[in-house]
Each structure stands twice: as structure tokens, then as C-alpha cells.
Amino acid sequence: MESCIRRIENDIENITKITATPQMGCTRFSYSKEDKQVREYLLKELEGLRLKIKIDGVGNIRAKYVGGNEDKPSIMFGSHIDTVANGGKFDGLTGVISALEVMRVIKENNLSLKNPVELIIFAEEEGSNFGITMLGSKVLTGKYGLEDLKKIENDEGISSYEIMRNFGLDVENIGNDVLKKDEVKAMIELHVEQGGILDSEKIPIGIVKAIAGMKTYKVSLKGVSNHAGSTPMDLRNDPMVGASEIVTYLEKVAKEKGLPSTVATVGKIHCQPNMPNVISGEVDFYVDIRDVEADGVETVVKELEKKTEEIVLKRGLKAQIELVGESDSVRLSTKVIEAIEKSALEKGFEYKIMNSGAVHDSAMLTELTEVGMIFVPSINGRSHCPEELTDLQDIKLGCDLLLNTVIRLANE
């Protein structure tokens, strides 16, 4: 019993044509017109399978296959369909299409399972709208509520609550959508690795044992805006230069004071007035810190605070450091890892037990249920960019492994 590679290919091609940036990668933010089109495509497929479909107040889609066992907890599997700006074809979508194909195979073969199986598509995983990753799964698991959504805003100052409501979602009732422990027996997410380990070692399958935790900070430096030509270098309070010193220092800290698994990134920066002949008056930048060990994250956080204080005194600036998003590192379920391993061995698939440096929605469910993840290779380790690529044969292997594991867990 295997998945159909042609259907997988067709789904991926149909969906990746829907982008706000043709010829420049995939840009498909949650709650955009592109997101709506993809949702319509997938909902049509799910409705054709006659599944029990639910869309919650933040846009998470749940589609359950039941056969006289509706009172039992589900085996849940899926991922997300949103992207970063100018992202790749395979991040998130690979897991959703694999989950869709698994559901098709189960339905076509009219399998009788002890537990229901449920496909899930998480909303707003990437954080592209509001700078907060995994917003859909955080609301689903009760970590964020209605008042949080009213405070979380995009760069234009529009709240996530307003955007979701304008998208046609019943955001007022998100409290009724919170996932309960007795609803889910296990959660499995298939995803592209987004790193180069599997590709470099020519291993087709990764089985994830831990997912990195992360903290994201917004650092705001305020100085004095002035004329670029007539202001002497020793009479400047330039927040851009201060920001550059902090950013450069963070790379040094992650390499030399963090753990081998510690990473720190500044990927977004904004300055005002943002003119070539004007000294900036204010600079905001975002610091993304990750590690599977909490100590690695905290080491960088302390150094960020220390260095910022030093730069403020040195350059006559004002600073604010705001925590805008976080998730704890998590160890995944031994039970699900073993189920994936057994399925891989039965299939004769070579695999590697590994960590995930990227965060994923499934990490949000570890307090509620048993969670596992399957990785398939990212060619040259590229991700979050138009060059992101995963071989179709590797996706099929991952899909077949997901199918086998879902059936195994549903019948235990």
C-alpha cells in the first residue's frame, strides 16, 4: 500500500503556482488572497474525500476520517501552507500534501482503524504577518487567547484579531476551539529538513528527536537624526552604527560562547527616516535565537542585553529590548519515534535520528499528546528561499513512511 507520486506532484505544482511573487519564489502569507485560493483548492480535495471538516477561529483546518470510532482520540498529521516572503515550494506544503495523500490512500482502501485519523493544516506558522511564529498552533493549544490576538499587530498596526475577522473567521469563539488532551492520541508532522545534513550524507529520512526552542527579540535603538554631510563624526548619536556593532557581536557570541547547537540571526531591520543622506534617528531589528538546549539561548540573551547597554552608553542612545515571541525546546515522544523507526525498518528505508533547528507547529502539541516528526532532505540545505528543493522521490518515501506510521499508531 503506497502513495501515488503523480498526485503528490500534481498537488504541489498546482498550489505553488499560487504566489504573490511569480518568478521570485513563493509568497503566500496567511489571510492573503493567495492563502484563500490554496485553502479553496485543499478544501475541495478534502470535501471530495467526505471527511468531517472544521475550520477554527484562526484558520486552522482539521479534517477527520471516522469509521465507527469517533469517540476515540485521533492520530493527527499535517503541517502548514503559509510561506515567508519569496520562500520555497516545499516548506510546510510538503507535509500538507503528504498528509492529504495519506488520507486518500486510507479512504481508497476503506481501512478499518481503531482510532480516527485527522489531517491538520496550521495557520500562520511562519510569523510573516505579525512576527510571531506558530500563531495558529499556539491558539489551538490555548497558549494565546482572544485578548492576545487583539494586541498582536502587523507592521501597519492592524491587529491579528481584525485581520482574521476580515478573512471571514469566527475569531470571537477561539476559546471553544482549544485542543483537549483526550482529542489526540498522537501527532506526526512530515517536513523538509531545511538544512543540509540529510542531503550531504545521502540519507533519505530523518527521524526527529528534539526541536529547538527559540526566542525572538525586537531591539529598538534611538539616536539623533541629522544631516549626513554637515554633522562631524565625533558629534553623532547614530543608532545604525550601534545596531551594526550589536549584530556583529551576536555572531561572535553564538560561535564562541554558545553551545555547538546555538544559532543567532538578525534577518529583519528597519530604520527611520531611511534616507541615503540622513543619519538615522531610530533603528529597529529583530534577533532570532535558537537551540535545543535552553542554556544556549539564555547565553545569547544575556550577552545581547549586556552589549546593548554598553552601546547605549558608548554612543549616547536610548534602547528598548522587547521579547516578541518564544517557544521552548522539546523532546519528542519515544513512542512515536519508535513507531516511525519500526515503519522505516519494515520499508527498508535508511534513516538518521536527528534534531530540528527550525521550530514547527507540532512542538506546540507536546504538552497534550505524543509527538513525532519525519524529515525529508533539502537539496544543498536551502530553505526559505526560491532555490529550496526536495526530490519528488524523497517526498514519496516520506509519504509512504508517514502512511505506515499513521496506520501503526491508529491500530495500537
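Everything in this summary refers to the structure shown in the same document. (Residues numbered from 1 in each chain as written. Predicted model: local features only at pLDDT ≥ 70, side-chain atom pairs only at ≥ 80, totals over all residues. Heavy atoms only, no water.)

Strands sit in the order β9-β11-β7-β12 across an open sheet of four strands; the sheet is antiparallel. Strands at the two margins of the open sheet, each flanked by one partner only, are β9 (263-272) and β12 (318-327). Strand-to-strand, the axes of this sheet are offset by a mean angle of 15°, without reference to chain direction. In the packing of helix α8 (residues 239-256) onto the sheet, the strands contacted are β7 (213-222), β9 and β11 (282-291), and the crossing angle to β11 comes to about 10°. (Pairing = 2+ DSSP bridges. Helix = DSSP H or I, 4+ residues; strand = E, 2+ residues; numbered from the N terminus. Axes fitted to C-alpha atoms, helices over the stretch in contact; angles between N-to-C directions. Contact = heavy atoms within 4.5 Å.)

Take the packing of helix α1 (residues 5-16) against helix α11 (residues 392-410) next. Packed helices, taken two at a time, are described by the angle between their axes plus the distance between the axes. In the contact formed by α1 and α11, the axes pass within 10 Å of each other and the chain directions differ by 115°. Between α1 and α11, the interaxial angle falls into the category roughly perpendicular. α1 and α11 meet at a crossing whose hand is right-handed. Across from I5, R6, I8, E9 and I12 in α1, the residues of α11 making contact are L392, Q393, I395, K396 and C399. Taken together, the residues of the contact of α1 with α11 sort by class into six nonpolar, one polar and three charged. (Parallel < 35°, antiparallel > 145°, perpendicular 65-115°, else oblique. Left-handed = near helix turned anticlockwise from the far one by under 90°. Nonpolar A, V, L, I, M, F, W, Y, C, P; charged D, E, K, R; others polar.)

Taking 1.5 Å per residue, 14 residues should reach 20 Å; helix α10 (residues 334-347) reaches 20 Å between its end C-alpha atoms and fits that length. Every buried residue of α10 is accounted for by V336, I337, A339, I340, S343 and A344. Viewed along the axis of α10, the buried residues span an arc of 160°, placing them on a single side of the element. Exposed positions of α10 whose direction lies more than 90 degrees from the buried face are T334, L345 and E346. In this structure S333 caps α10, since a side-chain oxygen of it lies 3.2 Å from the backbone nitrogen of K335. Looking one or two places after α10, you find G348, whose phi comes out positive at around 75°. (Expected span 1.5 Å × (residues − 1). Buried < 20%, exposed > 50% of the residue type's maximum accessible area, 1.4 Å probe, protein only. Arc of directions from axis to C-beta. Polar contact = N/O pair within 3.5 Å; in protein donor to acceptor, adjacent residues only side chain to side chain.)

To continue, consider the side chain of T369. Relative to the assigned elements, T369 resides in the loop between β14 (351-356) and β15 (370-376). Within the local environment of T369, its side chain forms a polar contact with the backbone oxygen of V184, the two atoms lying 2.9 Å apart. A polar atom in the side chain of T369 sits 3.2 Å from the backbone nitrogen of A186. Apart from the residues within four sequence positions on either side, T369 is in contact with V184, K185, A186 and M187.

Let us look at the packing of aromatic side chains. If you walk through the whole model with that rule in mind, you get one aromatic pair. Consider the rings of Y31 and F167, whose centres lie 5.6 Å apart with planes at 75°: the pair is edge-to-face. Remark: F167 occurs in the loop between α6 (160-166) and β5 (184-192) and Y31 occurs in the loop between α1 and α2 (33-48); sequence separation between them is 136 residues. Residue classification places Y31 among the buried positions, given a relative accessible area of 10%. A residue is classified by how much of its surface remains accessible, and F167, at 22% relative accessible area, is partly exposed. Above the plane of the ring of Y161 lies K150, whose end atom (NZ or CZ) is 5.1 Å from the centre. The ring of Y249 has K307 lying over it, and the distance from NZ or CZ to the ring centre is 4.8 Å. (Phe/Tyr/Trp six-rings, centres within 6.5 Å; stacked < 30°, edge-to-face > 60°. Lys NZ or Arg CZ within 6 Å of the ring centre and 35° of its normal.)

Turning next to the environment of I203. Along the chain, I203 falls in the loop between α7 (197-201) and β6 (205-211). For I203, a relative accessible area of 10% corresponds to the buried category. Separated by 146 residues in the primary sequence, I203 and F349 place their C-alpha atoms 8.9 Å from one another. When near neighbours in sequence (up to four residues on either side) are disregarded, I203 contacts L198, E350, Y351, K352 and P377.

Let's shift gears to the pattern of salt bridges. Inspection of every chain in the model, using the stated rule, returns 28 salt bridges. R7 is the partner of E108 in a salt bridge, and the nearest nitrogen-oxygen pair spans 2.4 Å. One end of the pair, E108, is in helix α3 (residues 93-108); the other, R7, is in helix α1, with 101 residues separating them in the sequence. For R7, a relative accessible area of 25% translates into the label partly exposed. (Salt bridge = Lys/Arg side-chain N within 4 Å of Asp/Glu carboxyl O.)

Among the secondary structure elements, E245 is positioned in helix α8. For E245, the residues in contact, after removing those within four places along its chain, are K307, I311, K314 and R315. Of the polar contacts made by the side chain of E245, one reaches the side chain of K314; its length is 2.8 Å.

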